[in-house]
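Summary of structural features
Given next are the chains, with one letter for each unit.
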Amino acid sequence: MTYGISHRFMSTYVATHYRTHTLGEIQSNGAELVDKEVTVAGFMEANRGKGAICFVDLRDGTGKTQIFLKGDNVGDEALDMVQRMTRESTLQFTGIVSQKRPPKAKEGEPTPPPAYEVVASSVTLIARAEAPLPLGVTDTVHVALDTRLDNRFLDLRRAHVAAMFRLRGKVLQYGREALINEGFFETHTPKIVATATEGGTDLFPMKYFDIPAFLNQSPQLFKQLCMSGGLERVFEIGPAFRAEKHDTYRHLNEFISFDIECSWSTDEDVMGVLERMIYHMWDCVSKDEESQQHIATINQYRATQGEEPVEVIVPELPFPRVSYCDAIDIIKQKGGEIEWGDDIDAENSDLLAEDLPQFYFLPRWPMDLKPFYIHHVEGEIGSTGKQLSRGFDLNFGRDELTSGGQREHRMDVLIENLKDMDLDPEEFEFYVAGFRHGVPPHAGWGLGVERILMKLTGAKNVRETVLFPRDRKRVSP
Ligand code: AMO
């Protein structure tokens, strides 16, 4: 299975105290390194050979290389140490790069590319791994998610798991790129707050000296204050905490919220920003060799589990837009049980997803279903006489990835909205104050990073996309 990332993507990997070269570099740059001395280090995947010789399969974050040891070269004591060493121990070797004897090409098949090994002249044990391992690193047997998460550091050594997190970094990089190209800049808002952002009760209280405080649910109120501050276009990628009691494949109690806020804009304007950003993410993943390598690694693993490969289909722009009212009609036509004014639950979203398996916007929700900070649509009333809003969702098939909307910027209406939702405007004074001395109309959205990663990689559980997930039952490791 492909492991790590190829040397040619690693222009910034320079020699360190512990190694002169990475293992990926030995393979991709081997022809130039033949007969040169190198020092390499990594995890020992396997060792073979008794008596006077031994082969070690060594793995670092960039790839794998075979190390060849002879008692004559490294000394009998060192050879014996390596032969008795446990799998996954970390070792450092110094030796000469040599081209491996090529395996005979099978008839009709192309000759495999040359491979390189290191003929060791010395070896140092860095850290011995205890045996047995709680989790196999190289085998493809199915392991329960809980066991994997309990031993996440070992799970991360598995190629397809490492590929997921490297890809996660890439997707965020592409997201940042797209927004910076549209004039946004990255900011950070506090995670320790005094009031509920989304107006709900799903807050984790915390001890903050003698003051009651909470972990923030969303940067919402603060990103809006940035608009009052004239910053015009900001984005933030940061943690959001929700004390929701859901225990599902798509809910976490700590997730990474990718938020923007944009002045002088409507809901439609920021839907444009969102679809262009997602297009850029998908387009880059489909073109960038390194990202493609991560997808290939994930697919190699999926094949061992009998799963279909994931395909990165670059979406067409604009994404389809199905207004809330139309969505209710479609669900009803398909026999779903729903009334105008109801939230669209997962089962009804499945009905929509039959015709919309990929990205689609659901704009214009009833005001009652959206938070107090959402702007209503002037003069537009839904079929039951209820007010429509400038709030939207972005779904991928059945799952919601983003909520957003144009914000209410008129202070008097905002105060009425708070009261309508049984919230005390005085508790939101720090926020309401931001609307007292002039404010641009503005709009924005929040995207769940884990949910979009699920869609990109075909992961069936959001926990697959988080290093150390926090859910109702898990707060460690
Ligand atoms: P919302 O509450 O819909 O909107 O959250 C935005 C997006 O964040 C993700 N998300 C979650 N992901 C995993 N686990 C959870 N428990 C969870 N909750 C939410 C989803 C969701 O679409 N302030 C608004 C955004 C805005 O209007 O700018 C907000 O937070 O992908």
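Residues numbered from 1 in each chain as written. Predicted model: local features only at pLDDT ≥ 70, side-chain atom pairs only at ≥ 80, totals over all residues. Heavy atoms only, no water.

Some thoughts on a negative patch on the surface
Stated precisely, the cut-off is as follows: Here a patch means residues that are over 30% exposed by relative accessible area and free of salt bridges, tied together within 9 Å if like-charged and within 5 Å if nonpolar (Val, Leu, Ile, Met, Phe, Trp, Tyr). Each accessible area is a Shrake-Rupley estimate made with a 1.4 Å probe; only the visible protein chains count as cover when residues are assessed. A pair is scored as a salt bridge if a Lys or Arg side-chain nitrogen falls within 4 Å of a carboxyl oxygen belonging to Asp or Glu. In this tally, Asp and Glu contribute negative charge and Lys and Arg positive charge; neither His nor the terminal groups of the chain are included. Charge placement uses NZ in Lys and CZ in Arg. For Asp and Glu, CG and CD serve respectively. Strands are runs of DSSP state E lasting at least 2 residues, helices are runs of H or I lasting at least 4, and numbering of each runs from the N terminus.
The grouping of Asp 342, Asp 343, Asp 345 and Glu 347 at the surface amounts to a negative patch. For Asp 342, the position within the fold is in the loop between helix 11 (324–333) and helix 12 (346–355).

A closer look at the nonpolar core
As a rule of thumb, nonpolar side chains are buried together in soluble globular proteins. Our working rule: The term nonpolar core refers to a set of buried residues drawn from Ala, Val, Leu, Ile, Met, Phe, Trp, Tyr and Cys, joined through side-chain atoms within 4.5 Å. Note on exposure labels: buried denotes an accessible area under 20% of the residue type's maximum, exposed denotes more than 50%, and partly exposed covers the range between, all computed with a 1.4 Å probe on protein chains only. Any pair of residues with heavy atoms lying within 4.5 Å of one another is described as a contacting pair.
Phe 258, Ile 260, Met 277 and Trp 445 are the most contacted members of the largest nonpolar core, which totals 52 residues. For Met 277, the contacting residues outside a window of four places in its chain are Gly 175, Ala 178, Leu 179, Phe 258, Trp 445 and Leu 447. Counting 23 residues, the second largest nonpolar core, distinct from the first, contains Ile 26, Val 74, Met 85 and Val 123.

Observations concerning the site of the ligand
Using the following cut-off: Nearness of a residue to a molecule or strand requires only that one of the residue's heavy atoms be within 4 Å of it. Counted as a polar contact is a pair of N or O atoms within 3.5 Å, where, for protein atoms, one must be capable of donating a hydrogen and the other of accepting one, and residues adjacent in sequence contribute only when both atoms are in side chains.
In the vicinity of the ligand, 22 residues are found, and the nearest of them are Gln 220, Glu 400, Leu 401, Ser 403 and Arg 407. A distance of 2.6 Å separates an oxygen atom of the ligand from a polar side-chain atom of Ser 403. The side chain of Arg 407 places a nitrogen or oxygen atom 2.7 Å from an oxygen atom of the ligand. Look at the ligand: alone it shows 630 Å² of surface, and the protein chains cover 93% of it.

Regarding the domain arrangement of the protein
In many analyses, interface size is given as the accessible surface area lost on bringing the parts together. Quick reminder of the rule: In this entry, domain limits derive from an automatic or database-based domain assignment.
We note that the domain assignment places domain 1 (23–132) and domain 2 (159–465) within the protein. For domain 1 versus domain 2, the separation of C-alpha centres amounts to 48 Å.

Considering the sheet that holds strand 9 (residues 211–215)
Our working definition: In this analysis, strands are considered paired if DSSP registers two or more bridges between them.
Spatially, 7-9-8 is the arrangement adopted by the 3 strands of the open sheet, whose pairing is antiparallel. The sheet is open, and its two edges are formed by strand 7 (192–193) and strand 8 (204–208), each paired on a single side. Here strand 8 pairs with strand 9 via 5 bridges, running antiparallel. Looking at the pairing, Lys 207 lines up with Pro 212 of strand 9.

Comments concerning the side chain of Asp 155
With respect to the secondary-structure elements, Asp 155 resides in helix 6 (residues 152–155). For Asp 155, a relative accessible area of 0% corresponds to the buried category. Within the structure, Asp 155 has its side chain in polar contact with the side chain of Arg 152 (distance 2.6 Å). The contact partners of Asp 155, leaving out residues within four places of it in the chain, are Leu 135, Arg 148 and Val 161.

As for the pattern of salt bridges
This structure, assessed with the given rule, holds 43 salt bridges. A salt bridge links Arg 157 to Glu 88; the shortest N-O distance between them is 2.9 Å. Highlighted residues: Arg 157 in the loop between helix 6 and helix 7 (159–181) and Glu 88 in the loop between helix 4 (76–83) and strand 4 (90–99), separated in sequence by 69 residues. This pair shows no difference in class: Arg 157 is buried, exactly as Glu 88 is.

Some details on the packing of aromatic side chains
Worth spelling out the cut-off: When the centres of two rings from Phe, Tyr and Trp lie within 6.5 Å, Trp using its six-membered ring, the rings pair. Their planes under 30 degrees apart give stacked, over 60 give edge-to-face, and anything left gives tilted.
On inspection of all chains with the given rule, the structure shows 16 aromatic pairs. An angle of 65 degrees between the planes, with centres 5.1 Å apart, marks the rings of Tyr 208 and Phe 209 as edge-to-face. Here Phe 209 falls in the exposed class, since its relative accessible area comes to 70%. An angle of 90 degrees between the planes, with centres 4.8 Å apart, marks the rings of Phe 359 and Phe 396 as edge-to-face. Linking Phe 359 in strand 12 (residues 359–362) with Phe 396 in strand 15 (residues 391–396), this pair joins segments that are 37 residues apart in sequence.

Description of the pairing of strand 2 (residues 53–60)
Here 5 bridges tie strand 1 (residues 37–48) to strand 2, and the two strands are oriented antiparallel to one another. By the bridge assignment, Ala 46 is partnered in strand 2 with Asp 57. Sheet topology places strand 2 next to strand 3 (residues 63–70); 8 bridges connect them, and they run antiparallel. Within the sheet, the bridge partner assigned to Phe 55 lies in strand 3 and is Phe 68.

Quick notes on the packing of helix 9 (residues 267–287) against helix 10 (residues 289–304)
Keep this limit in mind: An axis is simply a line fitted to the C-alpha atoms; with a helix, the fit covers only the stretch in contact. Between two such axes, the angle follows the N-to-C directions and lies from 0 to 180 degrees. Orientation labels follow simple angle bins: below 35 degrees gives roughly parallel, above 145 gives roughly antiparallel, 65 to 115 gives roughly perpendicular, and whatever is left gives oblique. Nonpolar residues are Ala, Val, Leu, Ile, Met, Phe, Trp, Tyr, Cys and Pro. Charged residues are Asp, Glu, Lys and Arg, and all others, Gly as well, are polar.
Contact geometry for helix 9 and helix 10: axes closest at 5 Å, N-to-C directions at 80 degrees. With respect to each other, helix 9 and helix 10 are oriented roughly perpendicular. Taken together, the residues of helix 10 that come into contact with helix 9 (itself represented by Val 285, Ser 286 and Lys 287) are Glu 289, Ser 291, Gln 292 and Ile 295. Of the residues assigned to the contact of helix 9 with helix 10, the class counts are 2 nonpolar, 3 polar and 2 charged.

Points about helix 8 (residues 220–228)
Of all the 9 residues making up helix 8, 7 are buried; the element is thus mostly covered by neighbouring parts of the structure. Buried within helix 8 we find Gln 220, Leu 221, Phe 222, Lys 223, Gln 224, Cys 226 and Met 227. Where helix 8 is buried, its residues touch strand 7, strand 10 (233–241), strand 11 (254–263), helix 14 (429–432) and strand 17 (442–448). Directly after helix 8, the chain includes Gly 230, whose backbone phi takes a positive value near 80 degrees.

Overview of the environment of Glu 177
Relative to the helices and strands, Glu 177 is located in helix 7. In this structure Glu 177 comes out as partly exposed when scored by relative accessible area, which is 28%. With 103 residues separating them along the chain, Glu 177 and His 280 place their C-alpha atoms 8.6 Å apart. Here His 280 takes part through its side chain, which lies 2.8 Å from a polar atom of the side chain of Glu 177.

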